[in-house]
Amino acid sequence: MKAYELVVYREKCHGCGNCVIACPVNAKNPETWGGKGPYSDDVVIRVENGAVAIINKDLCGGCGACIEACPVGAIELVFKRK
Ligand code: SF4
Ligand code: SF4
């Protein structure tokens, strides 16, 4: 089990797609840049219906790039205690 969990707050998100572009896992799937395009499940996050959605949490490496890219604090990594 991972020591962290990716959490998104859809109510804060305005759907800019910055996080989707910033994520290095998503970058392997260029069709998802900007949060749009044909959808693959090999991405961690994308914009769906105007707000960020977690698609495949297992692929997240916990790098934090999405958090840095988000202007409104709509993504967090929550670290679990042992
Ligand atoms: S923490 Fe890193 S790997 Fe995980 S969703 Fe954010 S940018 Fe992608
Ligand atoms: S979570 Fe933040 S960076 Fe990602 S689409 Fe929403 S507002 Fe933009």
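Position numbers for residues count from 1 along each chain, tracking the sequence in the order it is written. All chains are assigned letters beginning with A, and all ligands numbers beginning with 1, in the order in which they are written. Per-residue local features are limited, in this predicted model, to residues with pLDDT of at least 70; the limit for side-chain atom pairs, both in listing and counting, is 80 or more; totals at the level of whole chains, interfaces and linings are taken over all residues. Each side-chain value is derived from all of the structure's non-hydrogen atoms; neither hydrogens nor water enter the calculation.

Going by an unreviewed UniProt entry, the protein carries the name 4Fe-4S ferredoxin iron-sulfur binding domain protein and comes from Methanocaldococcus vulcanius.

Before we move on, could you go through empty space enclosed by the protein and cite the residues and values that matter?
Method remark: on a 1 Å grid restricted to protein atoms, a set of points is classed as a cavity if a 1.4 Å probe fits but cannot get out and as a pocket if it is open with protein on both sides within 12 Å along at least five of seven lines; lining residues have an atom within 4 Å of a point. Grid points are joined across faces, edges and corners, and a volume is the space filled by probe spheres set on the points. Scanning the entire structure with this criterion turns up one cavity of 30 Å³ or more. Within this model, the largest cavity holds a volume of roughly 80 Å³. If you go around the largest cavity, you meet 15 residues; those closest to its centre are Cys13, Gly15, Cys16, Cys19 and Cys70. Residues are sorted three ways: Asp, Glu, Lys and Arg are charged, Ala, Val, Leu, Ile, Met, Phe, Trp, Tyr, Cys and Pro are nonpolar, and all the rest, Gly among them, are polar. Grouping the amino acids of the lining of the largest cavity by side-chain chemistry returns eleven nonpolar, four polar and no charged.

How would you explain the site of ligand 1 if you had to name every residue and give the values?
Being near a molecule or strand, for a residue, comes down to having at least one heavy atom within 4 Å of it. Close to ligand 1 lie Leu6, Cys23, Pro24, Val44, Cys60, Gly61, Gly62, Cys63, Gly64, Ala65 and Cys66, which account for all nearby residues. The residue makeup of the shell around ligand 1, split by class, is eight nonpolar, three polar and no charged.

Please give an account of the nonpolar core that cites residues and values.
Buried Ala, Val, Leu, Ile, Met, Phe, Trp, Tyr and Cys residues form a nonpolar core when they are joined through side-chain atoms within 4.5 Å. Relative accessibility decides the category of a residue: with a 1.4 Å probe and only protein chains considered, values under 20% of the type maximum give buried, values over 50% give exposed, and everything between is partly exposed. Ranked by size, the top nonpolar core spans 19 residues in total, and within it Leu6, Cys19, Val44, Ile45 and Ile75 carry the most contacts. The secondary structure listing takes helices from DSSP runs of H or I that are at least 4 residues long and strands from runs of E that are at least 2 residues long, numbered from the N terminus. Mapped by element, the contributors of at least two residues to this core are β1 (4-8), α1 (18-22), β2 (45-48), β3 (51-54) and β4 (75-79). Considering every element that reaches this core, the biggest residue donor is β1, with three residues. Residue contacts are counted whenever heavy atoms from the two residues lie within 4.5 Å of one another. Those residues in contact with Cys19 that lie beyond four places of it in its chain are Ile45, Val52, Cys66, Ala69 and Ile75.

So, the site of ligand 2: which residues are in play, and what are the values?
Neighbouring ligand 2 are 14 residues; Cys13, Cys16, Gly17, Cys19 and Cys70 lie closest to it. Any molecule with more than half of its atoms within 2 Å of a cavity's or pocket's grid points is counted as sitting in it. Judged by the fraction of its atoms near the pocket grid, ligand 2 is located in the largest cavity. Its residues assigned to classes, the shell around ligand 2 comprises ten nonpolar, four polar and no charged.

Report on unusual backbone geometry, specifying residues and quantitative values.
Phi is positive for Asn49, close to 50 degrees, though the residue is something other than glycine. Within the fold, Asn49 resides in the loop between β2 and β3. Judged by its relative accessible area of 78%, Asn49 is exposed.

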